[in-house]
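Now for the letters of each chain:
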Amino acid sequence: MKYKFSRILLKLSGEALKGNQEHGYQAEAIRNVVAKVKQVLDEGIEVAIVVGAGNLWRGVAGANEGMERVNADQMGMLATVMNALALKEYFNAAGQEVLLQSSFEIAGVVSRFNRDNAIRALEAGKIVIFAGGTGKPYFTTDTAAVISALETDCDAVLKATKVDGVYSADPMRDPNAVRYAQLSFDEALDKKLRVMDAAAFSLCRDNDLPIVVFDFAGKDAILRVIAGDPEAGTIVS
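Residues numbered from 1 in each chain as written. Predicted model: local features only at pLDDT ≥ 70, side-chain atom pairs only at ≥ 80, totals over all residues. Heavy atoms only, no water.

A. Highlighting the environment of A118. Turning to its location among the elements, A118 is positioned in helix α4 (residues 115-123). Residues A118 and F130, spaced 12 residues apart in sequence, show a C-alpha to C-alpha distance of 9.3 Å. Filtering out sequence-adjacent residues up to four positions away, A118 remains in contact with L99, Q101, F113, V128, F130 and T152. (Helix = DSSP H or I, 4+ residues; strand = E, 2+ residues; numbered from the N terminus. Contact = heavy atoms within 4.5 Å.)

B. Expanded view of the nonpolar core. In terms of nonpolar packing, the biggest core is built from 42 residues, with L10, I49, L87 and L158 touching the most fellow members. Setting aside residues no more than four positions away along its own chain, L10 makes contact with V37, A48, I49, V50, L158, A160, F214, F216 and I222. Core analysis: the second largest hydrophobic core is formed by 28 residues, A121, V166, L209 and V236 among them. (Core = buried A, V, L, I, M, F, W, Y, C linked by side-chain atoms within 4.5 Å. Buried < 20%, exposed > 50% of the residue type's maximum accessible area, 1.4 Å probe, protein only.)

C. Region of the structure containing the environment of K126. Tracing the backbone shows K126 in the loop between α4 and β5 (127-131). A relative accessible area of 27% places K126 in the partly exposed class. Separated by 88 residues in the primary sequence, K126 and K38 place their C-alpha atoms 11 Å from one another. Discounting chain neighbours no more than four positions away, the residues touching K126 are V47, Q96, E97 and A121.

D. Spatial organisation of the side chain of S148. Positionally, S148 belongs in helix α5 (residues 141-151). Ignoring anything within four residues of it in the chain, the contact list for S148 reads L9, V50 and F130.

E. Region of the structure containing α4. Burial in α4 covers these residues: A118, I119, A121 and L122. One face of α4 carries all of its buried residues, which in axial projection span an arc of 160°. Facing away from the buried surface of α4 by more than 90 degrees, the exposed residues are R120 and E123. Summarising the contacts, the buried residues of α4 are in contact with β1 (7-12), β2 (46-51), β3 (98-102), β5 and α5. For α4, the capping residue at the N-terminal end is N114, with a side-chain oxygen 3.2 Å from the backbone nitrogen of D116. Immediately beyond the C-terminal end of α4, within one or two residues, lies G125, with a positive phi of roughly 90°. (Arc of directions from axis to C-beta. Polar contact = N/O pair within 3.5 Å; in protein donor to acceptor, adjacent residues only side chain to side chain.)

F. Expanded view of the pairing of strand β10 (residues 211-215). β10 sits mainly inside the fold: four of its five residues count as buried. With four bridges connecting them, β10 and strand β11 (residues 233-236) associate as antiparallel partners. Bridging from a neighbouring strand, F214 pairs with G233 of β11. (Pairing = 2+ DSSP bridges.)

G. Spatial organisation of the pattern of salt bridges. Within this structure, the stated rule accounts for nine salt bridges. Among the salt bridges present, the one from D206 reaches R205, with a minimum N-O distance of 3.4 Å. What makes D206 exposed here is its relative accessible area of 57%. Exposure remark for R205: the relative accessible area of 32% places this residue in the partly exposed category. Via salt bridges that share partners, K11, D142 and K159 belong to a single interconnected network. (Salt bridge = Lys/Arg side-chain N within 4 Å of Asp/Glu carboxyl O.)

Spatial relationships are all this shows, so hold off on functional conclusions.
Now the structure itself:
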C-alpha cells in the first residue's frame, strides 16, 4: 500500500490511557495504543508521539478551581511525563525501542529535547515520545505536538479523538452535524470549527503542516489515515 505520510506526529489524549476507568491507567487500554502504533511502524512509517495528561490532571481545571495558573499548568506538564513513562514501559514490553525526551530534564528519568537525537531515533525505527508539553504555562499539548512535529520534520499531525473527523457541530449532541472529509485552514477558520486550539492551528497554517483528525478506536483507522482514505478522518491542509 502506498502511504501519504512517511513520518507522523501522533497526538494522543491522556484519556486514551485510562480505558473505561474514571482516571489513571488501564493496562488493556495502553496495550491497545501500543498495538495500533506498532501496526504503523511495521509498515515502515516513522512515529513520534505527544500525549496529554487528561487522565491525571488538567491545568485549566485546577486554575478554574482557584489555583495559580502557572502552578496548575506545571502540574499538567509533569503529568505528561508520567504518561510518557507509562507508554515507554508498555512499548518496551512489546519489544519496541523508545526514545523519551521532554521539554525539561528530570535527572535520571528523562532527558531534555534534542532534535538531532530525535531524528536519528526516528530514522532508526524507534518511537520518539515527547513529554512536558511546551515547557511553558498557558499552552496546550496540541501546541506542543505541532511544535514537536515541525522540529522533527514530520509530514503531518494526526490528532486521535473519539470521532471520525471534523464536524459542523458536536456529532454526539447534534444528529444533523455534517462531517467534512477535507478542509483548508481558511475554511476551518471561516466555519469556526474547533480543530485544535488557536495557537496550534495557527502554527500548522503558517507552516503548511497538515492536521488529520480521526477516531483512534476505528478499525485500522490510523493506517487508513496514513494511506489517505478520506473516510478515515478529516484532513485540514
